[in-house]
Amino acid sequence: IATLTLAAGSTASVAAAPTDYGTAIATGQTEMQSAVDAGASSVSAALVTRDTIVWTGSAGAIDAAGTKPATTTRYTIGSLSKLPTAIAIMQLVDQGLIDLDAPVITYLPELTMTSPDYRAITVRMLLNHSAGFPGTDYTNAFTTAPHDGYAEQVLASLAKQPLKTTPGAMSVYSNDGFTLLQLILQKVTGMPFTDAMRNNLFAPLGMTYSSFWTQGVAADPAIAPMLDADRQPLPLEVTNVLASGGLVSTATDMAQVARMLLGDGTVDGKRILSPTAVAAMGTDQIPGSLSVGAANPWEYGLGWDTVQQLGFAQVGQTAWVKGGDTSD
């Protein structure tokens, strides 16, 4: 199982970036090898600008023969799946079909909880983790074969639970919020979630190798497995939390997402999102002024883990970051 982080700088950052990427590429290759030396089976990465994919690289092996990952080798990217889900929702916001600050029950009237305040949960709160849900339903989340109906299971589970906090009071990372976004996307588009993602996002971006477990990808040999100490592949872990963690993709496919965001919603002359939507996704969404314990290093955007990565901030750059892993 791979862990992948996507960082997208601001327009100003891109304009100021050097044209010689030699140091960045060398550093990337070194860091990938370090990850393999530390125990990762394989790593695949890409470096992009808004105009092009500058570099792709890999390290490690995907089989006992020592085969290196190719640009078409797919990985289970875990919670990085939340970013494409957020983009698909923002496309519907652009079209006037979803209002970020409308109650979730406007689009998903089936939602109910034992706390009456659930009616105040908005679409924005699902995207910025401030809905106040008590946690994540991990039953059937990770299996050895695709499990249909996980999203409906979460809806039924929430009906028996109270809220943990007042909606909008504070942000606490929640997979269940993105599972509800999956159901909203289905309702608004009138398509199965996987079809909506393919038709509205993956196809326009040319993300040829991106799909979900429920589309039969579990048997695809192009998915990089974890290898044991003898370099034998371990069974693939199927991630049924589709909208929040079930995407299988490649570094080059996700590079198209990065290029689109760096291009203020446009890639290769094709408009995917409005500049307003891209900017909204990269705006700090942490609500209120409640301070508990140490300062929070995360500044959630809409789908982003943080819209102010501290390392980049130290050198005067803005970076938006989303990470992902699964239980394996």
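Check the entry above for the structure.
Numbering of residues starts from 1 in every chain and runs along the sequence as written. The predicted nature of this model means local features are confined to residues of pLDDT at least 70 and side-chain atom pairs, given and counted, to a pLDDT of 80 or more, with totals for whole chains, interfaces and linings taken over all residues. Side-chain measures here rest on the full set of heavy atoms in the structure, leaving out hydrogens and waters.

## A closer look at the overall build of the chain
Next, step 1: Every helix listed is a DSSP run of H or I at least four residues long, and every strand listed is a run of E at least two residues long, numbered separately from the N terminus. A count of helical and extended segments in the chain gives 11 helices and 11 strands.
Next, step 2: Counting all 328 residues of the chain, 48% fall into the buried class.
Next, step 3: The contact definition used throughout considers only heavy atoms, calling two residues in contact when any of these lie within 4.5 Å. Contacts in the chain between residues at least 24 apart in sequence constitute 68% of all its contacts with a sequence separation of at least 6.
Next, step 4: Only the protein chains shown count as cover for residues, with accessible areas throughout obtained via the Shrake-Rupley method and a probe of 1.4 Å. For the chain, the accessible area works out to roughly 14000 Å², and carbon and sulfur atoms hold 54% of it. Exposure classes here rest on a 1.4 Å probe applied to the protein chains alone. A residue is buried below 20% of its type maximum, exposed above 50%, and partly exposed in between.

## Let's talk about the environment of Gly168
Next, step 1: In this structure, Gly168 sits in the loop between helix H5 (150–158) and helix H6 (175–189).
Next, step 2: C-alpha of Gly168 to C-alpha of Met125: the two residues are 43 residues apart in sequence and 6.3 Å apart in space.

## Structural notes on the pattern of salt bridges
Next, step 1: Basic side-chain nitrogens of Lys or Arg form a salt bridge, by our definition, when they fall within 4 Å of a carboxyl oxygen of Asp or Glu. Tallying each qualifying case throughout the model produces five salt bridges.
Next, step 2: Across the pair Lys187 and Glu110 runs a salt bridge whose closest N-O atoms are separated by 2.7 Å. Here the residue Lys187 occupies a position in helix H6, and Glu110 occupies one in the loop between helix H3 (82–94) and helix H4 (123–127), the gap between them amounting to 77 residues.
Next, step 3: Accessibility expressed as a relative area gives 39% for Glu110, which makes it partly exposed.
Next, step 4: Here Arg198 makes a salt bridge to Asp195, at a shortest N to O gap of 3.0 Å. Here the residue Arg198 and the residue Asp195 both occupy positions in helix H7 (residues 193–205), the gap between them amounting to three residues, near one helical turn.
Next, step 5: By relative accessible area, Arg198 is classed as partly exposed at 36%.
Next, step 6: Note on Asp195: relative accessible area 24%, which makes it partly exposed.

## As for the pairing of strand S2 (residues 42–48)
Along any regular strand the residues' side chains alternate between the sheet's two faces.
Next, step 1: A pair of strands is labelled paired if DSSP reports no fewer than 2 bridges between them. In terms of strand pairing, S2 meets strand S3 (residues 53–60) through seven bridges, oriented antiparallel. Bridge pairing in S3 places Ala46 opposite Thr56.
Next, step 2: Between the antiparallel neighbours S2 and S3 lie four residues.

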